[in-house]
Each structure stands twice: as C-alpha cells, then as structure tokens.
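# Report on the structure
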Amino acid sequence: MSEEPLIVEDTLLLLFQPDSGTIAGENILFYVLGGAVLADLALAGRVQAEEHGLFTRVRAAGAGEAPDPILEPALTSMSKKAQDVQTVLAGSGPLLREPVLDRVVARGDLHRTEGKVLGFIPTTKITLASDRRAGLIRNVRAALIDGEEPSARTAASIALLSASGTLPQFHAEIPWGSDVYTRAKAMENGDWGAAAASSAVVRTMNAVIMNTVIAATVLPRL
C-alpha cells in the first residue's frame, strides 16, 4: 500500500456521505474511480496521452510494476497498445469499488461494520473514522468557494466529482450555487491554472481527466 493515499482513495472518501453512510454517484462510480486511477498513473509518470480525434488514447509509460497494486490492472491493460480512455475505464473501473473501499477502511479513514437483519440478511454500515475527509473537503471548498488555485490532486478530484453530478449533494459542506458550478465546470474542461502548466506529467493527468469527464457525461450510463 502506498504511503500517501491515492487520488482514487481521496475521491471515494470525498464521495462518502456521512449522514447517510452511502457513496454518492454509484451509477457512474466506475467511470469516476477509473478516471482517478488513470490520474494516479499519470501523476506517477506511468501513462502517456495521445490525442486521437474527440478522445485521448493512453499507453503505459516507464518500466516495472505499477506504484500501487490497485493501479496494476489499468497499467497492464495499456502495456501492449494504446487504448481510448473510455476503453480503459470500462475494463478496469467496474472492479475498483471494493478494493478501494477496503483500502480506505484499512487506512482508518472509514469504519465498516458487518451485521445481519432478521438474523440472516447481511448488512454493512460505513461511518467516518478520521478527520481526513474533512481536510479534503476544506481543499475543495477553498477552490470552489474561495477561488483559491487548487493542487493537481484537488483539481482532479473536483473534476471527477463534478462529472459524477454529485456536487449539489455536498450543499451542507460546499454551498451549491452558480459560482461553484462555473468553477467546477472549468476544472472539468482542464482549467487547472498553474497546476496544469507546471509539468508534462500534470498536463497528461489533466488530459486523462478531461476525457474521463467526456466518458462519464456523454456515454450511456450503466
């Protein structure tokens, strides 16, 4: 397990809704988590992006295993040839929810309690177990409410949250309004300020997220 939490872990933790114990955006969660995995690989310099019409193709870069086991399936799928982002999302995304949730629980940021209803129907209750989510929310608020320039990690999470259509559900923590909508949409479209211009690695990360957004908002939802 990576010492620092992955972007995909942060994104799932942000999507967790403490009041209901649920994860927002379940209907397109595999797009969102798959995009976050590609962002993690891009930030690690393990993905190259190539423009190909409307979409972007991605291929594995660098050598050796993925920097984290959760990232390995997506990296392996790109190792033989370049693929459209949506193809990678469809192949690796549906398998991510449980291992990423397991990871967030293992880090102590969420607590999971197994039980039974009527003595035989399995149930799972998830609750917050640390203040890490609160810190992530503060970073998102700073960017969307206060207009501060986000880090690449925060910009990626915001773009994915916006693509999932869940940001209005955060109203109690991030008051929903036209300014929040506009700033979030700008990040969906790749306007990350200096964060995206700082290096080729982050520009690749930006391109991956933009194409994940296209996949999540344009392609049919399962």
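The text that follows walks through the structure, step by step, so that each part is easy to find.

What counts, and at which threshold
Residues numbered from 1 in each chain as written. Predicted model: local features only at pLDDT ≥ 70, side-chain atom pairs only at ≥ 80, totals over all residues. Heavy atoms only, no water. Salt bridge = Lys/Arg side-chain N within 4 Å of Asp/Glu carboxyl O. Helix = DSSP H or I, 4+ residues; strand = E, 2+ residues; numbered from the N terminus. Buried < 20%, exposed > 50% of the residue type's maximum accessible area, 1.4 Å probe, protein only. Core = buried A, V, L, I, M, F, W, Y, C linked by side-chain atoms within 4.5 Å. Contact = heavy atoms within 4.5 Å. Phe/Tyr/Trp six-rings, centres within 6.5 Å; stacked < 30°, edge-to-face > 60°. Pairing = 2+ DSSP bridges. Arc of directions from axis to C-beta. Axes fitted to C-alpha atoms, helices over the stretch in contact; angles between N-to-C directions. Parallel < 35°, antiparallel > 145°, perpendicular 65-115°, else oblique. Left-handed = near helix turned anticlockwise from the far one by under 90°. Nonpolar A, V, L, I, M, F, W, Y, C, P; charged D, E, K, R; others polar.

This next bit is on the pattern of salt bridges. With the rule as written, the count across this model stands at 14 salt bridges. Between Asp 10 and Arg 132 there is a salt bridge whose closest N-O contact spans 2.5 Å. Within this pair, whereas Asp 10 is found in helix H1 (residues 7-15), its partner Arg 132 is found in helix H6 (residues 132-144), the two being separated by 122 residues in sequence. For Arg 133, the salt bridge is made with Glu 173, and the minimal N-O distance between the two is 2.6 Å. In this pair, Arg 133 sits in helix H6 while Glu 173 sits in the loop between helix H7 (152-164) and helix H8 (178-188), placing the two residues 40 residues apart along the sequence. Note on Glu 173: relative accessible area 25%, which makes it partly exposed. One network of salt bridges, in which partners are shared, links Glu 4, Asp 10, Arg 132 and Arg 153.

This part is about the nonpolar core. The biggest cluster of nonpolar side chains holds 68 residues, and the ones touching the most others in it are Leu 144 and Trp 192. No other element matches the 11 residues that helix H2 (residues 29-43) contributes to this core. Beyond its immediate stretch of four places on either side in the chain, Leu 144 contacts Ile 158, Leu 167, Ile 174, Val 180, Arg 183, Ala 184 and Met 187.

As enumerated under the stated definition, the model contains two aromatic pairs in all. Ring centres of Phe 30 and Tyr 31 lie 4.3 Å apart, and the angle between their planes is 25°; this geometry places the pair in the stacked category. The exposure classification of Phe 30 matches that of Tyr 31, with both residues buried. Geometrically, the ring pair formed by Trp 176 and Tyr 181 is edge-to-face, given 6.2 Å between the ring centres and 90° between the ring planes.

Turning to the sheet that holds strand E4 (residues 55-60), a few remarks are in order. Taken together, three strands build an open sheet; the order of strands is E3-E4-E5 and the sheet is antiparallel. Sheet topology places strand E3 (47-52) and strand E5 (83-84) at the edges, where each strand pairs with a single neighbour. As paired strands, E4 and E5 are joined by two bridges and run antiparallel to one another. Each residue of the ladder has a partner; that of Arg 57, found in E5, is Asp 84.

Quick look at helix H4 (residues 85-92) now. Looking only at H4, the buried set comprises Val 85, Gln 86, Val 88, Leu 89 and Ser 92. Seen along its axis, H4 keeps its buried residues to an arc of 160°; they face one direction.

Bringing the packing of H1 against helix H5 (residues 97-106) into the picture now. Contact geometry for H1 and H5: axes closest at 10 Å, N-to-C directions at 85°. It follows from the interaxial angle that H1 and H5 lie roughly perpendicular. Residue-level contacts link Val 8, Glu 9, Leu 12 and Leu 13 of H1 to Arg 97, Val 100, Leu 101, Arg 103 and Val 104 of H5.

Attention shifts here to the side chain of Asn 206. Along the chain, the position of Asn 206 falls in helix H10 (residues 200-218). Setting aside anything within four residues of it in sequence, one finds Asn 206 in contact with Gly 190, Trp 192 and Ala 196.

We now examine the packing of H2 against H4. Running from N to C, H2 and H4 point in directions that differ by 110°, and their axes come no closer than 9 Å. As judged from the angle between their axes, H2 and H4 are roughly perpendicular. For H2 against H4, the interelement crossing comes out right-handed. Together, Phe 30, Tyr 31, Gly 34, Gly 35 and Leu 38 of H2 and Val 85, Val 88, Leu 89 and Ala 90 of H4 make up the contact between the two elements. In terms of residue class, the contact of H2 with H4 is built from seven nonpolar, two polar and no charged.

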